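Here is what each chain is made of, one letter per residue.
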Amino acid sequence: MLAEIRGLNEECGVFGIWGNPNAAHLSYYGLHALQHRGQEGAGIVVSDGKHLRAVKGEGLVNDVFNEEKLRSIVGDRAIAHARYSTDGGVSGIEGVQPLLFHSSTGSLSIAQNGNIVNASHLKQYLERQGSIFHTSSDAEVLAHLIKKSTHSPFRAKVKNALTLLKGAYSLLILTKDEMLVARDPHGLRPLSLGRLGDSYVVASETCAFDLIGAEYIREVEPGELVVIDNNGMTSEKFADVTKRAMCTMEYVYLARPDSNIDGINVHMARKRMGKRLARECAHIEADVVTGVPDSSISAAIGFAEESGIPYELGLIKNRYVGRTFIQPTQELRERGVKMKLSPVVQVVKGKRVVMVDDSIVRGTTSRRIVTMLKEAGAAEVHVVISSPPMTDPCYYGIDTSTHEELIASSNTVEEIREKIGADSLTFLSVEGTVDSIGREYEDDNGGLCMACFTKDYPTEIFPDTILPHEKELLR
Ligand code: AMP
Ligand code: SF4
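For every chain, the first residue of the written sequence is number 1, and numbering continues from 1 onward in sequence order. Written order determines the labels here, with chains lettered from A and ligands numbered from 1. With the structure being a predicted model, the display of local features is reserved for residues of pLDDT at least 70 and the display and counting of side-chain atom pairs for 80 or more, all residues being used for whole-chain, interface and lining totals. As a convention, hydrogens and water are excluded, and side-chain values are obtained from all of the structure's heavy atoms.

### Some words on the overall build of the chain
Going by this rule: Going along the chain from the N terminus, every DSSP run of H or I of four or more residues is numbered as a helix, and every run of E of two or more is numbered as a strand. Exposure categories follow from relative accessible area, calculated using a 1.4 Å probe and restricted to protein chains: below 20% of the type maximum is buried, above 50% is exposed, and the middle band is partly exposed. Contacts are assigned to residue pairs that have any heavy atoms within 4.5 Å of one another. All accessible-area figures derive from a Shrake-Rupley calculation using a 1.4 Å probe, and residue coverage is judged against the displayed protein chains alone.
Looking only at helices and strands, the chain features 19 helices and 23 strands. Counting across all 475 residues of the chain, residues that qualify as buried make up 60%. Put simply, 69% of the contacts in the chain that link residues at least 6 apart link residues at least 24 apart. Within the structure as shown, the chain displays about 18400 Å² of accessible surface, and the carbon and sulfur contribution to it stands at 50%.

### A closer look at the site of ligand 2
Which entries qualify depends on this criterion: Any residue with a non-hydrogen atom lying within 4 Å of a molecule or strand is treated as near it. Charged residues are taken to be Asp, Glu, Lys and Arg, nonpolar residues to be Ala, Val, Leu, Ile, Met, Phe, Trp, Tyr, Cys and Pro, and polar residues to be all remaining types, Gly included.
The full set of residues close to ligand 2 is Leu 188, Arg 189, Cys 247, Thr 248, Met 249, Cys 394, Tyr 396, Ile 398, Cys 449, Ala 451 and Cys 452. In the shell around ligand 2, the residues fall into nine nonpolar, one polar and one charged.

### Focus on the UniProt feature "active site" (unreviewed entry) in the chain
The criterion, for reference: UniProt positions are given in the numbering used here, feature names are shortened, and annotations may be inferred rather than shown by experiment.
In the numbering adopted here, UniProt assigns the feature "active site" (unreviewed entry) to Cys 12. With respect to the secondary-structure elements, Cys 12 resides in the loop between helix 1 (2-6) and strand 1 (13-18). The buried category is assigned to Cys 12, whose relative accessible area is 1%. Not counting chain neighbours up to four residues away, the residues in contact with Cys 12 comprise Arg 37, His 81, Ala 82, Arg 83, Tyr 84, Gln 112, Asn 113 and Ser 204.

### Some details on helix 14 (residues 364-375)
Residues three or four positions apart in an α-helix share a direction because the helix packs 3.6 residues into each turn. Let me state the cut-off plainly: Expected span, for any helix, means 1.5 Å times one less than how many residues it has.
Compared with the 16 Å implied by 1.5 Å per residue over twelve residues, the 16 Å span of helix 14 between its first and last C-alpha is a close match. Among all positions of helix 14, only Thr 364, Ser 366, Ile 369, Val 370, Met 372 and Leu 373 are buried. In the segment just after helix 14, Gly 377 is the residue with positive phi, at about 105°.

### With respect to the packing of helix 6 (residues 138-148) against helix 7 (residues 154-162)
Convention followed: In this analysis an axis means a line fitted to C-alpha atoms, helices contributing only their contacting stretch, and an angle means the value between N-to-C directions, from 0 to 180 degrees. The scheme is simple: roughly parallel for angles under 35 degrees, roughly antiparallel for over 145, roughly perpendicular for 65 to 115, oblique for anything else. Note: crossing handedness is left-handed where the near helix turns anticlockwise from the far helix by less than a right angle, and right-handed where it turns clockwise.
Taken N-terminus to C-terminus, the directions of helix 6 and helix 7 make an angle of 125°; their axes are 8 Å apart at the nearest point. As summarised for this structure, helix 6 and helix 7 are arranged oblique, according to the angle between their axes. In this structure, the crossing between helix 6 and helix 7 has a hand that is right-handed. Where helix 6 abuts helix 7, its residues Leu 142, Leu 145 and Ile 146 lie against Phe 154, Lys 157, Val 158, Ala 161 and Leu 162. Looking at side-chain class alone, the contact of helix 6 with helix 7 contains seven nonpolar, no polar and one charged residues.

### A short note on the sheet that holds strand 1
The condition that has to hold: Strand pairing requires that DSSP identify at least two bridges connecting the strands.
Sheet architecture is open: seven strands sit in the order 3-2-4-1-10-9-11, paired in antiparallel fashion. Edge positions in the sheet fall to strand 3 (52-58) and strand 11 (215-219), since each of these pairs with one other strand and no more. Strand after strand, the sheet turns through a mean of 15° between neighbouring axes, direction not considered. Bridge count between strand 9 (residues 192-196) and strand 10 (residues 199-203): five bridges; the pairing is antiparallel. Bridge assignment links Leu 196 to a residue of strand 10, and that residue is Ser 199.

### Comments concerning the sheet that holds strand 20 (residues 352-357)
Sheet architecture is open: four strands sit in the order 17-20-21-22, paired in parallel fashion. Edge strands, defined here as strands with exactly one partner in the open sheet, are strand 17 (288-291) and strand 22 (424-427). Within this sheet the neighbouring strands show an average axis-to-axis angle of 20°, counted without direction. Where strand 20 and strand 21 (residues 380-385) come together, six bridges link them in parallel fashion. Within the sheet, the bridge partner assigned to Val 356 lies in strand 21 and is Val 384. This element, helix 16 (residues 413-420), spans strand 21 and strand 22 of the sheet and lies at about 130° to strand 22.

### Quick look at the nonpolar core
In plain terms, the rule: Grouping buried Ala, Val, Leu, Ile, Met, Phe, Trp, Tyr and Cys residues that are joined through side-chain atoms within 4.5 Å yields what is termed a nonpolar core.
Core analysis: the largest hydrophobic core is formed by 48 residues, its most contacted members being Tyr 251, Phe 303 and Tyr 396. Breaking this core down by element, the ones donating at least two residues are strand 14 (246-247), helix 9 (248-254), helix 10 (266-280), helix 11 (297-307), strand 20, helix 17 (430-437), strand 23 (448-449) and helix 18 (451-454). What Phe 303 contacts, discounting residues up to four positions off in sequence, is Gly 274, Lys 275, Leu 277, Ala 278, Cys 281, Val 289, Ile 309, Val 354, Val 356 and Val 384. Judged by nonpolar contacts, the second largest core, of 29 residues, contains Val 55, Phe 65, Ile 73 and Phe 209.

### Some remarks on the site of ligand 1
Just so we agree on the cut-off: In the analysis that follows, any N or O atom pair within 3.5 Å is treated as a polar contact, provided that within protein one partner can donate a hydrogen and the other can accept it, and provided that, for residues neighboring in sequence, both atoms belong to side chains.
Taken together, the neighbourhood of ligand 1 is formed by 16 residues, with Asp 357, Val 361, Arg 362, Gly 363 and Thr 365 sitting nearest. Contact distances for ligand 1 include 2.8 Å between an oxygen atom and a side-chain N or O atom of Asp 358. Between Thr 365 and ligand 1, the recorded distance is 2.4 Å, taken from a side-chain N or O atom to an oxygen atom. Protein chains shield 97% of the accessible area of ligand 1, which is 500 Å² for the free molecule. Contributions of two or more residues to the shell around ligand 1 are made by helix 9 and helix 14. A breakdown of the residues in the shell around ligand 1 according to their chemical character gives six nonpolar, five polar and five charged.

This is the structure we're talking about:
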């Protein structure tokens, strides 16, 4: 049940381009830059203005595409998706996006990042009205809502459908005539707009623009629907923004350090988190600081700079093993952590080590690393975490697990310290996290979602009814 509520479109990266004869190849490069957001599958749908054609597959971008396949999808407009899904999701090729739907009124393709919290209710409602679903993906629910709408033109149908969705979504919709780009009214997941010569580009992260040489224009605003066609770009609001809530975990862990989110560079934000952490635990005496590669290196550098304790390469990552979370069972996850990281004995032997990591979810990584460092001869291991204790699950498309699995949901900091075997354990405070990210929005929390640390969810999380005015929209 929880898996169903939490949805199936975990993390993920989306990319779109309009008005470029190399749309397929540029999408492929864009997906490469977004590979860290999803390694389970990838797809590109291209249009030549007449037809929509897809190439999709399971695995890494490089496993899915080759020159021949890219040449088979000719056109000047495309949307693309890199997929990450947990064991709660639809596995296999069926769930790989962009989804492509054909009907007598034309074809439609959707690529989505995020999770729609009322998708299962909308789906049940649509099923009662006769819709049949092929996958359990949120994108398919959206396709049915669009198709069902009696509004006209197409963008009005999309707008109508979007007003029914609750939760987090950054999405791209492609038809033969236009590309529509939308972001949920809280702006939970990132989405940026750019230009490459005369072409428009859209991506989950700005690092995709850098890789293809595109220029950043601006963020897609929360509650904004952007429509790009051969006449250019237009924009309209489909919802009022009551509370901005950009995902804090994007800054902490998910996004690539060279990306900028709302104009804030992710590496610099992480470095500030490390610096602040050093001030918040100034009592720790240590000989070396080391970070867990790759996501914690920026925070570890910040910690070292502020504390004056030298930064060292205490842990090495084997680059050819995927992210820890991709292995579905706890046993496999533990084996994965072991395969992924090795200590540099010469650096840690006999030393008091500060080990910086970005987050503790289940506690597996920290426990294994502390054991590893101690086995390598570390005299003391002080674990410092550049985010607050994660006490609650995410319902917006990030795999942070259920209450039962979240170690901070039922343990105090001291209990966690004991469980992971560290000599001390410090988490960055909530205020420290907000200040370090440094967003200038007027809200107390800088327009951030911090629900997995504070329980302050920006939307309803268990919407169990479809309201009468929403039924009207569904007619
Ligand atoms: P755990 O071992 O369960 O405590 O997970 C903590 C580790 O997972 C940290 O080293 C993080 O870098 C990483 N991490 C945090 N959030 C996520 C996520 N949503 N998906 C994958 N890995 C994550
Ligand atoms: Fe991000 Fe946590 Fe909010 Fe989920 S609950 S969107 S992981 S900050």
